[in-house]
Amino acid sequence: MAYIEPAPIKDKENPFESMMSRFDTAAQHLGLDESVYNVLKAPVKQVIVNLPVTMDDGTIKVFEGYRVIHSSILGPSKGGIRYDMQVNLDEVKALAAWMTWKCAVVDIPYGGAKGGIRCNPRQMSTGEIERLTRAYTKQLLEIFGPDRDIPAPDMGTGPQEMAWLMDEFSRSVGQTTNAVVTGKPLVLGGSLGRTEATGRGVMVSALAAMEKLKINPYQATCAVQGFGNVGSFAALLLEERGVKIVSISDLSGAYYNENGIDINAAIQYRNNNRGSLEGFGGGERLGNADELLELDVDVLVPAALEDVITIRNVENVKAKLIVEGANGPTSFRADNVINDKGIMVVPDILANAGGVTVSYFEWVQNRLGYKWTAERVNRRSDRIMKDAFDRVYKTSLEFKVPMRIAAYIVAIDKVAKTYKFRGGF
Ligand SMILES: NC(=O)C1=CN([C@@H]2O[C@H](COP(=O)(O)OP(=O)(O)OC[C@H]3O[C@@H](n4cnc5c(N)ncnc54)[C@H](OP(=O)(O)O)[C@@H]3O)[C@@H](O)[C@H]2O)C=CC1
Ligand SMILES: O=C(O)CCC(=O)C(=O)O
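A quick note: this is a predicted structure, and the numbers were derived from the prediction, not measured.

## With respect to the site of ligand 1
Not every one of the 27 residues close to ligand 1 is listed here, only the nearest: Gly 226, Gly 228, Asp 250, Leu 251 and Gly 355. Contributions of two or more residues to the shell around ligand 1 are made by α7 (229-240) and β8 (244-250). Here the element with the most residues in the shell around ligand 1 is α7; it accounts for 3 residues. Classifying every residue of the shell around ligand 1 gives 10 nonpolar, 15 polar and 2 charged. Taken domain by domain, the shell around ligand 1 gets at least three of its residues from each of domain 1 (42-177) and domain 2 (195-346).

## Quick look at the environment of Ile 384
Mapped onto the fold, Ile 384 is located in helix α12 (residues 374-399). Linking Ile 384 and Ile 108, residues 276 residues apart in sequence, is a C-alpha distance of 9.3 Å. If near-sequence neighbours (up to four positions away) are discounted, Ile 384 is found in contact with Val 106 and Thr 357.

## Topic: helix α11 (residues 354-368)
Across its 15 residues, α11 extends 21 Å between first and last C-alpha, which sits within 8% of the 21 Å expected from 1.5 Å per residue. Within α11, 12 of the 15 residues are buried, which leaves it mostly tucked inside the rest of the structure. Here α11 has its buried residues at Gly 354, Gly 355, Val 356, Thr 357, Val 358, Ser 359, Tyr 360, Phe 361, Glu 362, Trp 363, Gln 365 and Asn 366. Immediately downstream of α11, the backbone of Gly 369 shows phi near 65°, a positive value.

## Quick notes on the pairing of β8
Counting buried positions over the 7 residues of β8 gives 7, a clear majority of the element. Examined bridge by bridge, strand β7 (residues 221-225) and β8 share 5 bridges and lie parallel to one another. Across the sheet, the residue bridging to Cys 222 is Ile 245, located in β8. Note that the unit made of β7, α7 and β8 has a crossover that is right-handed. Two strands pair when backbone bridges link them, and β8 and strand β9 (residues 253-256) are joined in this way by 4 bridges, in the antiparallel orientation. From the neighbouring strand, Asp 250 faces β9, where its bridge partner is Gly 253.

## A short note on the domain arrangement of the chain
The domains assigned to the chain are domain 1 (42-177) and domain 2 (195-346). For domain 1 versus domain 2, the separation of C-alpha centres amounts to 27 Å.

## Looking at the site of ligand 2
In the vicinity of ligand 2 there are 13 residues, among which Gly 80, Ala 152, Asp 154, Val 356 and Ser 359 approach most closely. Among the secondary structure elements, those contributing two or more residues to the shell around ligand 2 are β4 (77-83) and α11. Here the residues of the shell around ligand 2 are counted per class, giving 2 nonpolar, 8 polar and 3 charged.

## Details of the packing of helix α6 (residues 194-213) against α7
Between α6 and α7, the least distance of the axes is 7 Å, while the angle of their chain directions is 50°. When the axes of α6 and α7 are compared, the pair comes out oblique. In the crossing of α6 with α7, the sense of the turn from one axis to the other is right-handed. Counting all contacts with α6, which are made through Thr 195, Glu 196, Thr 198, Gly 199, Arg 200, Val 202, Met 203 and Ala 206, the residues of α7 involved are Asn 229, Val 230, Ser 232, Phe 233, Ala 234, Leu 237 and Leu 238. Here the residues of the contact of α6 with α7 sort into 8 nonpolar, 5 polar and 2 charged.

Calculation rules
Residue numbering note: each chain is counted from 1, following its sequence as written. In the order they appear in the text, chains get letters beginning with A and ligands get numbers beginning with 1. Since the coordinates come from a predicted model, pLDDT governs what is reported: local features require at least 70, and pairs of side-chain atoms require 80 or more to be given and counted, while whole-chain, interface and lining totals use all residues. Near residues are defined by distance alone, with the backbone-placed C-beta atom required to lie within 6 Å of the molecule or strand. By definition, any uninterrupted DSSP run of H or I lasting at least four residues is a helix, any uninterrupted run of E lasting at least two residues is a strand, and each is numbered from the N terminus. The nonpolar class holds Ala, Val, Leu, Ile, Met, Phe, Trp, Tyr, Cys and Pro. Asp, Glu, Lys and Arg form the charged class, and all remaining residues, Gly among them, are polar. An automatic or database domain assignment supplies the residue ranges for each domain. What counts as a contact is two residues whose backbone-derived C-beta atoms lie within 7 Å of each other. Given a helix with a known number of residues, its expected span is that number minus one, times 1.5 Å. Exposure in this text rests on C-beta crowding, where 20 or more other C-beta atoms within 10 Å of a residue's own make it buried, 12 or fewer make it exposed, and counts in between make it partly exposed. The C-beta atoms are placed from the backbone. Paired strands are those between which DSSP finds at least two bridges. Here is how to tell: hold the view so the strands point away, follow the path from the first strand over the helix to the second, and if it runs clockwise the crossover is right-handed. Think of each axis as a best-fit line through the C-alpha atoms, taken over the contacting stretch in the case of a helix, with angles from 0 to 180 degrees between the N-to-C directions. When an angle is under 35 degrees it counts as roughly parallel; over 145 it counts as roughly antiparallel; between 65 and 115 it counts as roughly perpendicular; any other value is oblique. Two helices that cross are described as forming a left-handed crossing if the nearer one is turned anticlockwise from the farther one by less than a right angle, and a right-handed crossing if clockwise.

See the structure below:
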């Protein structure tokens, strides 16, 4: 048996620390009750599983998987599953807490959870990923359930992984249970609009923020880091609303075109190039991919991974508006510099909440045994995103705090009020 060596954790700040720092600040503004603070500062459950998987060459490798439930006070816990070599418990804990705050910000009846497996899906065959996903599901049968904990896609996973998870769970309980997971293929009960939902929510919140900043979308420029599910749809939908996307990136590098990148062409290119922008000719390749974050643009959308805007580069960020498609792209140490520079940030727990919102719609449709039109899904999710933006903006004026802290205040207030009514501890 080979054991997969844990990947060295990149030189990055600790995402759980970043989450806690903002939580502490918002808790102080709210005068949060100490007992509620103590309950919320740690997850209710953390599960680590070892997953032996037969590889195509006959060897058995053992992967480490996690599922962290931060809170179920508002309803079943909800959150994606990430396949990536950097996955570790602290990261999953932060991501799970962010899910609690995110669901509360958009006022949907879920708690927060997150899962992950430390693996490199790009170096695995389809069969290996399927066996890994099924092994993970089997180990977590007692955690998952349509009324308990409902996974969804995140980095490195998509509809196919969700289909295997749904199938494995359904076999174990002896009946098809499509509401156990969201982000499924349409034919298995997935919702129209879920694939685009996170990027669409980024677009809706970016436009709402541009309106506040009096930036005309038709004269605005934007750079998008990450060209996966969130980044590519955010770029496409912003482009459709008149915004000029001058730079995009993925692991292969960053691409720049001052006249605007043709996002449809970039998506086509990526889809025909094994998911990568490598060799994309629609823009010049920047010498260093991280230059994208420092471009002189109106709007910056980090939509790849955590801690990309840190104390090391924040001084060089020139955008007027940052809309966080990724979870935790800005480290808490960078917050003060961003605020001093007068940059508006639409924080992750608001900006990327369109995904979980449409996941909620998927779960509702599964339970009703009914399908909504794309028009209904989009109209309702746009309204939820816009209402949440307005709530957070109003709170930021009321408490005289940046949008990020305002979003935490809105979320923590809801969770704390729920605790107060429910009691029980
Ligand atoms: N999917 C969803 O519904 C939601 C996702 N999110 C968050 O959005 C972020 C992206 O998720 P998602 O789009 O689903 O993930 P995907 O796996 O679909 O895409 C990730 C993208 O980021 C790129 N990337 C990875 N590392 C870097 C880097 N160092 N520099 C530039 N690009 C990089 C990847 O490149 P390559 O393809 O070359 O590997 C890929 O284009 C994550 O933080 C996730 O938690 C938040 C809410 C919901
Ligand atoms: O769609 C979901 O349920 C969760 C998506 C997710 O993991 C996230 O919002 O970070």
